[in-house]
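# Structural overview
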Amino acid sequence: VQLQASGGGSVQAGGSLRLSCAASGLTFSQFRMGWFRQAPGKEREFVAAISWSSSSIYYGDSVKGRFTISRDNARNSVFLQMNSLKPEDTAVYYCAAARLSSTQSLRSTNGYSYWGQGTQVTVSS
């Protein structure tokens, strides 16, 4: 299984970025997908998650109203549109895949079976 995240970069506060995560080696429609982030010296933080059908979507409180998660099952991909970026959004962003059978919360790292390598997002003030 591979999860390849891309789209990170450097942007000024107020700007936007769109992250992509391409999945391979798994039946994508049988997984719920999530995004987490980790800043230096901090724990990995839940950002957003989406069900296999996109019918259920969840956001962390710090990104609600600014970030949008979506997925395209035909392309085995999940996306994170990030608008109104703030310096505190600076982190490495990871995509992750959770089995439909998992009973763990999608807001917890424990709920995910596979992780991507991460992509750096830097927001300057």
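Even without glycine at this site, Ser 54 takes up a positive phi of about 70°. With respect to the secondary-structure elements, Ser 54 resides in the loop between β5 (45-50) and β6 (57-59). Residue Ser 84 is not a glycine yet carries a positive backbone phi of 50°. Tracing the sequence through the fold places Ser 84 in the loop between β8 (77-82) and β9 (91-99). Taking relative accessible area as the criterion, Ser 84 reaches 40% and is therefore assigned partly exposed.

The next subject is the sheet that holds β8. Pairing is antiparallel across the open sheet formed by four strands, whose spatial order is β1-β3-β8-β7. With partners counted over all chains shown, the strands left at the sheet margins are β1 (2-6) and β7 (67-72), one partner each. Between one strand axis and the next, the sheet turns through 15° on average, direction left out of account. Pairing of β1 with strand β3 (residues 17-24) involves five bridges; the strand directions are antiparallel. Looking at the pairing, Gln 2 lines up with Ser 24 of β3.

Calculation criteria
- Residues numbered from 1 in each chain as written.
- Predicted model: local features only at pLDDT ≥ 70, side-chain atom pairs only at ≥ 80, totals over all residues.
- Heavy atoms only, no water.
- Helix = DSSP H or I, 4+ residues; strand = E, 2+ residues; numbered from the N terminus.
- Buried < 20%, exposed > 50% of the residue type's maximum accessible area, 1.4 Å probe, protein only.
- Pairing = 2+ DSSP bridges.
- Axes fitted to C-alpha atoms, helices over the stretch in contact; angles between N-to-C directions.

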